[in-house]
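Architecture at a glance
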Amino acid sequence: MSGFFIFSDQKMLIATPQSMHFADALPLQSGASIRAYDLSYETYGTLNADKSNAVLICHALNASHHVAGVYAGQDKSEGWWDTMIGPGKSVDTNQFFVIGVNNIGSCFGSTGPMQTNPDTGKIYGADFPVVTVQDWVDAQARLMDALGIQTLAAVMGGSLGGMQALSWTLQYPSRVRHAVVVASAPNLTAENIAFNEVARRAIVTDPDFCEGHYAEHGMLPKRGLRIARMIGHITYLSDDVMNEKFGRQLREISGSHASGYKFSTQDVEFQIESYLRYQGDKFSEYFDANTYLLITRALDYFDPAAGFDGNLSAALKQATAKFLLISFTTDWRFAPARSREIVKALLDNQCDVSYAEIDAPHGHDAFLLDDPRYHGVMRAYFDRVAAACSAPSRPKSNAPPRGGDAANVSGADSAPGRPKPDAPPRGDDAAGVSGAQ
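All of these numbers come straight from a predicted model, not from anything done at the bench.

1. Looking at the overall build of the protein
Helix and strand content of the protein: 10 helices and 14 strands. Going through the 437 residues of the protein one by one, you find that 57% of them count as buried. Just so you have it, the protein exposes about 17,500 Å², and 51% of that area is on carbon and sulfur atoms.

And the structure:
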């Protein structure tokens, strides 16, 4: 059942994309349904005899099922969370059977707007039904059923992936032992919804959008996608990182005035402008516009407290999993205060909760990077998860520092070039961020 091979040095995973077809219709929150759909996924490690060591990884906006490892013969094809997951890493595939799934509506192999609608024989395009976080979790649960996994050792995700991990504990509380929610929130603020709406307007007002049926016309709304990505990327970085990397540096442009400026409203003059345009151009080459609309709307809709008069504590009452929440001090898109809202609601219900607030300069993208304190928290927590599995646990690592960088809120956890179309480019760039948002 493994989707990789481990070389003798125990350091490299060779990932193998897999796909599973589901003939039965999946009912959606909107009242619509989707039938005859496929889910693309990858697995890493070995499922143990009693199937108690499975860890599900939920992806963020423009990531995929390619979570870890590399594709054979392809340079720069590392999975988007390869720093976190693999042999001997914080989520150790020598201990766990890790599953990465591409959500329906995405554009990396699972059924989405670029696939053919079995009812019409035409590409879905704008007719693909609107999906929610809850719909994704339902689809993931069906995949777990097909893999013979009744209970997950852990569900883990960052950003939008963290929302899915939280939703698992509410939709299928008996099937999750641990939930790891990183750089996430219980819902979006008005400001975050506003950023998403501006990005969507950029896409739908592109003349090549063709009301969402651009594929039928042989068009691609790349201009809108570029702007949407530029907007999003600004929100993933902290002000400190932007200033340190770019500041007010100018590009070297021939014909500039003595001041260094070209005195143009159209030319790219600052390094940050060049960087954002580079990110936008790259994104428009591999991501689907309708997928962007669907996923940002799923972000907008997520709000488990909505059915409880806004009372998050009441919404989380049914959760029985143990939790680890992690936030980053410079993440202003999903600020630490949002994670603390979840922590408080869980503690109101006397749940087993650990919380770490990492002092990191990288903004929201910090959850994708190799910060030793962040990875130390993860390693210590997954040592605890491994101890509860029937597979023998590895030797415990030193726990992360308690003061400042990591805080245990409940006090209960002191123990413990370019890849195939199945996965997006990692997007490593001059700013040192992976861009897997």
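2. A word on unusual backbone geometry
Look at Lys51: it is not a glycine, yet its phi comes out positive at around 55°. Residue Lys51 is classed as partly exposed on the basis of its relative accessible area, which comes to 34%. Although it is not a glycine, Ser159 adopts a positive phi angle of roughly 60°. Mapping Ser159 onto the fold places it in the loop between strand E11 (154-158) and helix H2 (160-171).

3. So, the environment of Phe287
With respect to the element layout, Phe287 can be found in the loop between helix H6 (271-286) and helix H7 (289-301). For the pair Phe287 and Asn62, spaced 225 residues apart in sequence, the C-alpha separation works out to 7.6 Å. Those residues within four positions of Phe287 in sequence are excluded, and the remaining contacts are Leu61, Asn62, Cys107, Phe108, Leu225, Tyr292 and Ile295.

4. A word on the sheet that holds strand E7 (residues 54-58)
Reading across from one edge, E3-E6-E10-E7-E11-E12-E13-E14 is the order of the 8 strands in this open sheet, with mixed pairing throughout. The sheet is open, and its two edges are formed by strand E3 (18-22) and strand E14 (353-358), each paired on a single side. Here the strands of the sheet are splayed against their neighbours by 20° on average, with no regard to which way each runs. Across 5 bridges, E3 lies against strand E6 (residues 37-44) in antiparallel orientation. Across the sheet, residue Met20 finds its bridge partner in E6, namely Leu39. Together, E7, E11, strand E12 (178-182) and strand E13 (322-328) form the strand contacts of H2, whose direction differs from that of E11 by roughly 150°.

5. Some remarks on H7
The end-to-end C-alpha distance of H7, which contains 13 residues, comes to 19 Å, matching closely the 18 Å that a straight helix rising 1.5 Å per residue would cover. Burial analysis of H7 places 11 of its 13 residues in the buried class, the great majority of the element. Taken together, the buried positions of H7 are Ala289, Asn290, Thr291, Tyr292, Leu293, Leu294, Ile295, Thr296, Ala298, Leu299 and Asp300. Lining the buried residues of H7 we find helix H1 (133-146), H2, helix H3 (190-204), helix H4 (222-236) and H6. For H7, the N-terminal cap is Asp288; the gap from its side-chain oxygen to the backbone nitrogen of Asn290 is 3.4 Å.

6. Looking at the packing of aromatic side chains
Throughout the structure, instances matching the rule amount to 20 aromatic pairs. Between Phe283 and Phe287, the aromatic rings sit 4.8 Å apart at their centres with planes inclined by 20°, giving stacked as the arrangement. Across the pair, Phe287 and Phe283 agree in class, each one buried. Ring pairs connect the aromatic residues Phe108, Phe283, Tyr286, Phe287 and Tyr292, which therefore count as one cluster.

7. Here's the deal with the packing of H3 against H7
One way to put it is that H3 packs onto H7 with a least axis distance of 10 Å and a crossing angle of 160°. It follows from the interaxial angle that H3 and H7 lie roughly antiparallel. Both H3 and H7 take part in a crossing whose hand is left-handed. Residues Ile193, Asn196, Ala199, Arg200, Ile203 and Val204 of H3 form the contact with H7, whose own contacting residues are Ala289, Tyr292, Leu293, Thr296, Arg297, Leu299 and Asp300.

8. Looking at helix H10 (residues 372-387)
For H10, with 16 residues, the first-to-last C-alpha span of 22 Å sits near the 22 Å given by 1.5 Å per residue. The element H10 is largely enclosed, with a buried count of 12 among its 16 residues. Looking only at H10, the buried set comprises Tyr374, His375, Gly376, Val377, Met378, Ala380, Tyr381, Phe382, Asp383, Arg384, Val385 and Ala386. Lining the buried residues of H10 we find E7, strand E9 (91-92), E11, E12, E13 and E14.

Cut-offs applied
Residues numbered from 1 in each chain as written. Predicted model: local features only at pLDDT ≥ 70, side-chain atom pairs only at ≥ 80, totals over all residues. Heavy atoms only, no water. Helix = DSSP H or I, 4+ residues; strand = E, 2+ residues; numbered from the N terminus. Buried < 20%, exposed > 50% of the residue type's maximum accessible area, 1.4 Å probe, protein only. Areas by Shrake-Rupley, 256 points an atom, 1.4 Å probe, with all protein chains shown as cover. Contact = heavy atoms within 4.5 Å. Pairing = 2+ DSSP bridges. Axes fitted to C-alpha atoms, helices over the stretch in contact; angles between N-to-C directions. Expected span 1.5 Å × (residues − 1). Polar contact = N/O pair within 3.5 Å; in protein donor to acceptor, adjacent residues only side chain to side chain. Phe/Tyr/Trp six-rings, centres within 6.5 Å; stacked < 30°, edge-to-face > 60°. Parallel < 35°, antiparallel > 145°, perpendicular 65-115°, else oblique. Left-handed = near helix turned anticlockwise from the far one by under 90°.

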